[in-house]
Amino acid sequence: MSLIEVVRTDDVVTIRLNRPEKRNAITTAMYAQLADELAKTDGAAVVVLTGAGGAFTAGNDLADMAANPVRGEDSPPSRFLAALTAVRSVLVAAVDGPALGIGSTVLLHCDLVYATSRSIFGFPFVNLGLVPEAASTLLLPRLTGHQKAAELMLFAERFPATEAQRIGLITAMVQTPEELETLLTERLAALTAKPRAALLATRALLRDESSPTIGSRLELDRSVFLDLLASTIAAQS
């Protein structure tokens, strides 16, 4: 049995954590495979991250981490985070059950997050004598404001899907895993029906930080717009 299941179509790459007996806790070997699979997603319109067996992920497998300490940029967890931030496809998470530690911080890198009402979130790092990873101390305050981010990270308490939706960590919530699958299917169909170049260019613009002023962003938008328009006209002629 593979602990990381990958399903590829022309449009979508689905990466599923498949260690349900451990609530999909992630080992260093799993991080290495995740990094490798994410590095092979160029060309896909959408990349989906999900988990099997009623769990997204309970976070890191701490016993495995103790046996395989993280050291340097070449470690599997560091490679995974580098590959995650390099993804150019629309990044979607489908969450059912616990999404703790890396299970919550990874969502801050996703463009769309769909979850069931029974999903549980949390940033437990302080309780473990650690600090939050995955640039979450930068990304969470941008999403929630400083004080809410401080509450979530300093108290390190778990919170339900209703709160995750209220603060914007998840895009939409449904009641059951079956409804989650239906919603995901509908949303993926809608995304993959879009012109791919425009879809991916818009995603890139949403994440671009090189043009932080209105003037510089107007110029960047104009440049991308005109490139796409020229490509569209050329394809129609």
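Please refer to the structure placed before this passage.
Summary of the structure given here.

Thresholds, definitions, all that
- Residues numbered from 1 in each chain as written.
- Predicted model: local features only at pLDDT ≥ 70, side-chain atom pairs only at ≥ 80, totals over all residues.
- Heavy atoms only, no water.
- Salt bridge = Lys/Arg side-chain N within 4 Å of Asp/Glu carboxyl O.
- Helix = DSSP H or I, 4+ residues; strand = E, 2+ residues; numbered from the N terminus.
- Buried < 20%, exposed > 50% of the residue type's maximum accessible area, 1.4 Å probe, protein only.
- Pairing = 2+ DSSP bridges.
- Axes fitted to C-alpha atoms, helices over the stretch in contact; angles between N-to-C directions.
- Expected span 1.5 Å × (residues − 1).
- Contact = heavy atoms within 4.5 Å.
- Phe/Tyr/Trp six-rings, centres within 6.5 Å; stacked < 30°, edge-to-face > 60°.
- 1 Å grid on protein atoms, 1.4 Å probe; cavity = no way out; pocket = protein on both sides within 12 Å on 5 of 7 lines; lining within 4 Å.
- Points joined across faces, edges and corners; volume = space filled by probe spheres on them.
- Core = buried A, V, L, I, M, F, W, Y, C linked by side-chain atoms within 4.5 Å.

1. Describing the pattern of salt bridges
- Inspection of the entire model under this criterion finds 16 salt bridges.
- Residue Arg88 is joined to Asp42 by a salt bridge in which the shortest nitrogen-to-oxygen separation is 2.8 Å. Taken together, the positions of Arg88 in the loop between helix H3 (76-86) and strand E4 (90-95) and Asp42 in the loop between helix H1 (28-38) and strand E3 (46-51) put the pair 46 residues apart, joining distant regions of the chain.
- Residue Arg88 is classed as exposed on the basis of its relative accessible area, which comes to 57%.
- Judged by its relative accessible area of 48%, Asp42 falls in the partly exposed class.
- Between Arg203 and Asp111 there is a salt bridge, with the nearest N and O atoms lying 2.7 Å from each other.

2. Topic: the sheet that holds strand E9 (residues 172-174)
- Read from one edge to the other, the open sheet built from 6 strands follows the order E1-E2-E3-E4-E6-E9, with strand pairing classed as mixed. Sheet topology places strand E1 (4-8) and E9 at the edges, where each strand pairs with a single neighbour. Going from strand to strand, the sheet's axes swing by 15 degrees on average, the running direction of each strand aside.
- In terms of strand pairing, E4 meets strand E6 (residues 112-116) through 4 bridges, oriented parallel.

3. Remarks on helix H9 (residues 196-207)
- For H9, spanning 12 residues, the distance from its first C-alpha to its last is 17 Å, which sits close to the expected 16 Å at 1.5 Å a residue.
- Taken together, the buried positions of H9 are Leu199, Ala201, Arg203 and Leu205.
- On the buried face of H9, the contacting elements are E4, helix H8 (177-192) and helix H10 (214-236).

4. Focus: the packing of aromatic side chains
- A full pass over the atoms with the stated rule returns 3 aromatic pairs.
- Considering the side-chain rings of Tyr31 and Phe80, the 5.4 Å spacing of their centres and the 50 degrees angle between planes classify their relative orientation as tilted. Of this pair, Tyr31 sits in helix H1 while Phe80 is found in helix H3, placing the two residues 49 residues apart along the sequence. Both residues of the pair, Tyr31 and Phe80, count as buried.
- Measuring from ring centre to ring centre gives 6.2 Å for Phe123 and Phe159, while their planes differ by 25 degrees; the resulting arrangement is stacked.

5. Side note on empty space enclosed by the protein
- Throughout the structure, instances matching the rule amount to 1 cavity of 30 Å³ or more.
- Of the pockets and cavities examined, the largest cavity occupies roughly 110 Å³.
- Mapped onto the lining of the largest cavity, the elements with two or more residues apiece are strand E2 (12-17) and E3.

6. A word on the environment of Thr50
- Along the polypeptide, Thr50 turns up in strand E3.
- Overall, the relative accessible area of 10% leaves Thr50 in the buried class.
- For Thr50, the residues in contact, after removing those within four places along its chain, are Thr14, Ile15, Arg16, Leu17, Phe56 and Ala94.

7. Examining the nonpolar core
- Of all hydrophobic cores here, the largest spans 43 residues; its most connected members are Leu38, Leu49, Phe80, Val95, Leu107 and Phe121.
- Breaking this core down by element, the ones donating at least two residues are E2, H1, E3, H3, E4, E6, helix H6 (146-155) and helix H7 (161-166).
- Take this core: its biggest share by element is 5 residues, from H1.
- Ranked by size, the runner-up nonpolar core spans 15 residues in total, among them Val12, Val46, Val174 and Leu180.

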